[in-house]
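# Structure at a glance
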Amino acid sequence: MIWAKEETLPRSEIEAIQLAKLKESVRYIYDRVKPYREKMDAAGVKPEDIRTLEDLKKLPFTYKADFKDNYPDGLFAVDKKEIVRYHASSGTTGKPTVVGYTRNDLDIWLNNVARIACMGGASSDDVAQISFGYGTFTGALGLHGGLEKIGASVIPMSSGNTNKQIMFLQDMGVTLLVATPSYALHLGEEIRKRGIDPSRDLKIRIGLFGGEGMTEPMRDEMHKVWGEQFVCTQNYGMSELCGPGVAGECTELCGMHVNEDWFIPEIIDPKTEEVLPPGERGELVVTCLGKEALPLMRYRTGDMTRLMYEPCRCGRTTARIENLSGRADDMLVIRGVNVFPTQIEEVLLKIEEIGPHYEILVERKNRLDVMTISVELIDDRLLDSYAKLSELEARIKAALKSQLGLATQIRLVAPNSLKRFEGKAKRVTDLRKDGL
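Now for a description of the structure that goes with this document. (Residues numbered from 1 in each chain as written. Predicted model: local features only at pLDDT ≥ 70, side-chain atom pairs only at ≥ 80, totals over all residues. Heavy atoms only, no water.)

## Observations regarding the overall build of the protein chain
Counting secondary structure elements, the protein chain contains eleven helices and 20 strands. Taking 436 residues into account, the globule formula puts the C-alpha radius of gyration at 22 Å, and the protein chain, at 22 Å, falls close to it. Dimensions of the protein chain, computed from the C-alpha atoms along their principal axes, are close to 70 × 55 × 40 Å. For the protein chain, with 436 residues in total, the buried portion stands at 54%. Sequence separation of 24 or more characterises 67% of the internal contacts of the protein chain that already satisfy a separation of 6 or more. Separation of charge centres in the protein chain, based on 59 positive and 65 negative side chains, amounts to 3 Å. (Helix = DSSP H or I, 4+ residues; strand = E, 2+ residues; numbered from the N terminus. Rg over C-alpha atoms; globule rule 2.2 N^0.38 Å. Buried < 20%, exposed > 50% of the residue type's maximum accessible area, 1.4 Å probe, protein only. Contact = heavy atoms within 4.5 Å. Lys, Arg positive; Asp, Glu negative; His and termini not counted. Charge placed at Lys NZ, Arg CZ, Asp CG, Glu CD.)

## Looking at helix 5 (residues 138-149)
The end-to-end C-alpha separation of helix 5 is 16 Å, in line with the 16 Å expected for twelve residues at 1.5 Å each. When you tally the buried positions in helix 5, you get nine out of twelve residues, the bulk of the element. Among the residues of helix 5, Thr138, Gly139, Ala140, Gly142, Leu143, His144, Gly145, Gly146 and Leu147 are the ones counted as buried. Once helix 5 ends, the next one or two residues include Gly151, with phi positive near 100 degrees. (Expected span 1.5 Å × (residues − 1).)

## Brief notes about the pairing of strand 7 (residues 231-238)
Summarising burial for strand 7: six of the eight residues are buried, a large majority. Pairing of strand 6 (residues 206-209) with strand 7 involves four bridges; the strand directions are parallel. Pairing of Leu208 across the sheet is with Thr233, part of strand 7. Where the polypeptide runs from strand 6 across helix 9 (residues 216-226) and back to strand 7, its parallel neighbour, the crossover connection is right-handed. Where strand 7 and strand 8 (residues 243-249) come together, four bridges link them in antiparallel fashion. Note on strand 8: the bridge partner recorded for Tyr236 is Ala247. (Pairing = 2+ DSSP bridges. Right-handed = clockwise from strand over helix to strand, strands pointing away.)

Okay, here's the thing in structure tokens:
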């Protein structure tokens, strides 16, 4: 089901809408947000200089640091009395990023999430269990509101309490699960441990996943746990831009469709900040259109991907974001080699003897970088065979070296011994600042 006609417009009409909204948004920001006005003045650009979509590159970038420098609401464009909802990032490394919504912002946001839900196969017939953590995180209430808008029944379960999660999946006839991919895998594993076959004993048919990236091998693992009937798509957003609702996969699974009448995506070289041509891989930059409380222009997301403009088999004509290949700011540099955790995950999930959970530890020993990857065995009987363990370890090392061009250390551990995450999984611990 396609929720809005804007998802199927010819490219010329999409770009005409974008240009009209861009001109309005730039004028709005310049007049109402002092930090932006100062940035634009320093760059020598005025609102009237934006005449075409090509002129977008004249505008200065917005960085995560801009939120920190103007905490909590220095980037807001409206008076506090017009804000009807606040959200914030987790703020695990300092002050959180605070975002706000006017009544109109909320309506646009939840309509965009409704589009994303429909892309993933959701309908008014679904019973949706939200296993994101509620609170100031945008994911839970965003998907909650979008699913309600299309007429689905929503269970606001929140994260954790796995016993109750499983009870409701069984007793309430849940057909759609909203969660992070890592928590969905953990939940599926727990269900199978209890002798429950999701494809036979549950009504679950859809997973709408966000909060962290999902590689193709991880999607394959999801089918092993939940069953081949399980259609799992991922969607993209972040609190700064609105929350979920920026882009999402359709059931054709060929990239995440951008809601282009509300967001303009660009791809830049993260080092030179030059705009790259269509099809080139780089850092995703997003400009928001029509936001009242927190308008953003050219926000550097840190996510690495590329844009695809060919029309999709689903009938949508909007640009698509290729599945994220990592982040510009969480890339590990190990002995001069650039490594993304997603590259490691793709290798590990292809090896049958190990499970989908892993941890990466980076240390500095004797002035050299050492990366140790802990992975779980599926069958703990392997722990009794030194020969089989050695063979498996050698095979994993060889596969990783072929993919990364880098030698790694492997630590094989017993099933279910690594930490599970109810929210976004923390896979990497980098201790190099503590070593020589």
